[in-house]
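Secondary and tertiary structure notes
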Amino acid sequence: MKSGLLLLLASAACFAQTPSVAQGGVLNSATYVRGQAVSPGSLVAIFGSELAAGLAQADSIPLSTTLANVSVTFNNVPAPLTFVSPGQINAQLPWNVLSSGSLSGMAQVVVTRNGVASAPQSVEVAPFAPGIYAVENQAIAINLDGSLAQPAGAIPGINTRPARQGDAIIILGTGLGAVDSPPANGAASRDQLRSVNTPPMVLINGMTSPVLFAGLSPDFVGVYQVNATVPNTTGAGAALPLQWSVGGVTSTDRTTIAVATP
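Our subject in this report is the structure included herewith. Within each chain, residues carry numbers counting from 1 in the order of the written sequence. Restriction of local features to residues with pLDDT of at least 70 applies here, the model being predicted, together with a cutoff of 80 or more for giving and counting side-chain atom pairs; totals for whole chains, interfaces and linings are based on all residues. For the side-chain quantities, the full set of heavy atoms in the structure was used; hydrogens and water were omitted.

Another point: the overall build of the protein chain. Secondary structure assignment for the protein chain yields 1 helix and 26 strands. As a reference, a globule follows 2.2 Å times the number of residues to the power 0.38, and the radius of gyration itself is taken over C-alpha atoms. Relative to the 2.2 N^0.38 estimate, which gives 18 Å for 262 residues, the radius of gyration of the protein chain is 20 Å and therefore close to what a compact globule would have. When its C-alpha atoms are laid out on the principal axes, the protein chain stretches across 80 × 45 × 35 Å. Computed with the Shrake-Rupley method and a 1.4 Å probe, the accessible areas treat only the protein chains shown as cover for residues. Entry remark: accessible area of the protein chain is about 11,900 Å², with carbon and sulfur atoms responsible for 56%. Charge convention: Lys and Arg are scored as positive, Asp and Glu as negative, and His as well as the terminal groups of each chain are ignored. By convention, the charge on Lys lies at NZ, on Arg at CZ, on Asp at CG and on Glu at CD. Mean positive and mean negative side-chain charge positions of the protein chain (8 and 10 charges, respectively) differ by 8 Å. Segments assigned H or I by DSSP are reported as helices when at least four residues long, segments assigned E as strands when at least two residues long, and all are numbered from the N terminus.

Rendered as structure tokens:
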């Protein structure tokens, strides 16, 4: 009897563990740069402890605001979740995280696990927080044949080859700000084309690249797609800096692309 009671108490203690969000622990999911704001509609990574009992990943779109008994709110607005684990949660920052008409401000993030809520943490929200997705700093920049614009064999299991000057590429990232017709929180953009309100500038090795399209990627929640042309002035190299710049904010120059001459 006593052993059964102890087991019950231990189980209750497990379910009552309190999640904790790290101070400054809400980051752009593409860059993980600390001390920078995040933007509405973008994907963010939330770091902390006891955030979830284990690993779980969303398997359908629209994304749910509850995953493995975990939920997140920003300013009391439920956030769609893509991934949860004890130390990290990936979520979409709701489009309506700020009050109507506000372009920037502070949000309070709260993680709730099995009905137990974390203490709120403040996160800065700004109109733009550009970041390009990458694998070990190698940008997710896609050639028109589906290969990544990286040196041949650079990423095991993935078809890669350098982009060529004059070719079009597709760049994936997040944080490019408001679009002309925001989808619902947690929804993808398969129903219609959605363009950003403020077109970004694309820089390859410091050279401006002509932008053909900038908006939401149709198949992913919170992911932006920029189609651009590699200019002939970039030079050639295996690791040229690739950046987005919008609203006076420029993404890190550590993200790179491989470019070859025609």
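Below, the discussion takes up the sheet that holds strand 7 (residues 81-84). Strand pairing within a sheet occurs via backbone hydrogen bonds; the two strands may be parallel or antiparallel. By the convention used here, strands pair only if DSSP detects at least 2 bridges between them. The 5 strands are arranged 1-2-8-7-3 in an open sheet whose pairing can be described as antiparallel. Because the sheet does not close on itself, it has two edges, and the strands there are strand 1 (20-28) and strand 3 (56-57). Strand direction decides the pairing type here: strand 7 and strand 8 (residues 88-92), joined by 3 bridges, are antiparallel. Looking at the pairing, F83 lines up with N90 of strand 8.

Below, the discussion takes up the side chain of T252. Among the structural elements, T252 can be located in the loop between strand 25 (249-250) and strand 26 (256-260). We classify T252 as buried; its relative accessible area is 18%. At 3.0 Å, the side chain of T252 and the backbone nitrogen of R254 are in polar contact. Residues are treated as being in contact if the distance between any of their heavy atoms lies within 4.5 Å. Those residues in contact with T252, other than ones at most four positions away along the chain, are T31, L242 and Q243. Three labels apply to residues, based on accessible area from a 1.4 Å probe with only protein chains included: buried if under 20% of the type maximum, exposed if over 50%, partly exposed otherwise in between. Residues adjacent in sequence count toward polar contacts only when both atoms are side-chain atoms; beyond that, a polar contact is any pair of N or O atoms within 3.5 Å, and within protein one must be able to donate a hydrogen and the other to accept it.

Next up on the list: empty space enclosed by the protein. In this approach a probe as big as a water molecule rolls over the atoms, and the regions it shows empty are the leftover space. Only protein atoms enter the 1 Å grid, on which a cavity is a set of points fitting a 1.4 Å probe that cannot get out and a pocket is an open set with protein on both sides within 12 Å along at least 5 of 7 lines, lining residues being those with an atom within 4 Å of a point. Grid points are joined across faces, edges and corners, and a volume is the space filled by probe spheres set on the points. Counted under the stated rule, the structure contains 1 cavity of 30 Å³ or more. Of the volumes computed, that of the largest cavity is approximately 40 Å³. Forming the walls of the largest cavity are Q92, W95, P183, A187, A188, S189, L216, S217, F220, V221 and G222. For this classification, Asp, Glu, Lys and Arg are treated as charged, while Ala, Val, Leu, Ile, Met, Phe, Trp, Tyr, Cys and Pro are nonpolar and the rest, including Gly, are polar. Among the residues forming the lining of the largest cavity, the class breakdown is 7 nonpolar, 4 polar and no charged.

By nonpolar core we mean a set of buried residues, namely Ala, Val, Leu, Ile, Met, Phe, Trp, Tyr and Cys, connected to one another through side-chain atoms within 4.5 Å. Ranked by internal contacts, the top residues of the largest apolar core, which has 26 residues, are L242 and I257. Sorting the residues of this core by element identifies strand 19 (168-174), strand 20 (201-204), strand 22 (211-216), strand 23 (224-229), strand 24 (237-246) and strand 26 as the ones contributing at least two each. Those residues in contact with I257 that sit more than four places away from it in its chain are A141, A149, Q150, I169, I204, G237, A238, A239, L240 and L242. In this structure, V44, I89, L98 and V111 belong to the second largest nonpolar core, which totals 25 residues.

Now for the packing of aromatic side chains. A pair of Phe, Tyr and Trp rings is counted when the ring centres sit within 6.5 Å of each other, with Trp represented by its six-membered ring. The angle between the planes then sorts it: under 30 degrees is stacked, over 60 is edge-to-face, the rest tilted. Taken as a whole and assessed by the stated rule, the structure comprises 1 aromatic pair. With a centroid separation of 5.6 Å and an interplanar angle of 85 degrees, the aromatic rings of Y32 and F47 are classed as edge-to-face. Highlighted residues: Y32 in the loop between strand 1 and strand 2 (43-49) and F47 in strand 2, separated in sequence by 15 residues.

This part takes up the environment of A141. Inspection of the secondary structure puts A141 in strand 15 (residues 141-143). On the basis of relative accessibility, which here comes to 0%, the residue A141 falls in the buried class. Separated by 71 residues in the primary sequence, A141 and L212 have C-alpha atoms spaced 14 Å apart. Among all residues touching A141, those that are not within four sequence positions of it are S147, L148, A149, I169, I170, I171, L242 and I257.

On the secondary structure map, N143 appears in strand 15. Only 3.2 Å separates the side chain of N143 from the backbone oxygen of R161, close enough to count as a polar contact. Dropping the residues within four chain positions of it, N143 is found in contact with L148, A149, R161, P162, A163, A168 and I169.

With an omega dihedral of 5 degrees, the bond running from I61 to P62 counts as a cis peptide bond. Among the structural elements, P62 can be located in the loop between strand 3 and strand 4 (66-67). Here A68, not a glycine, exhibits a phi torsion of approximately 55 degrees, which is positive. The exposure class assigned to A68 is partly exposed, which follows from its relative accessible area of 47%.

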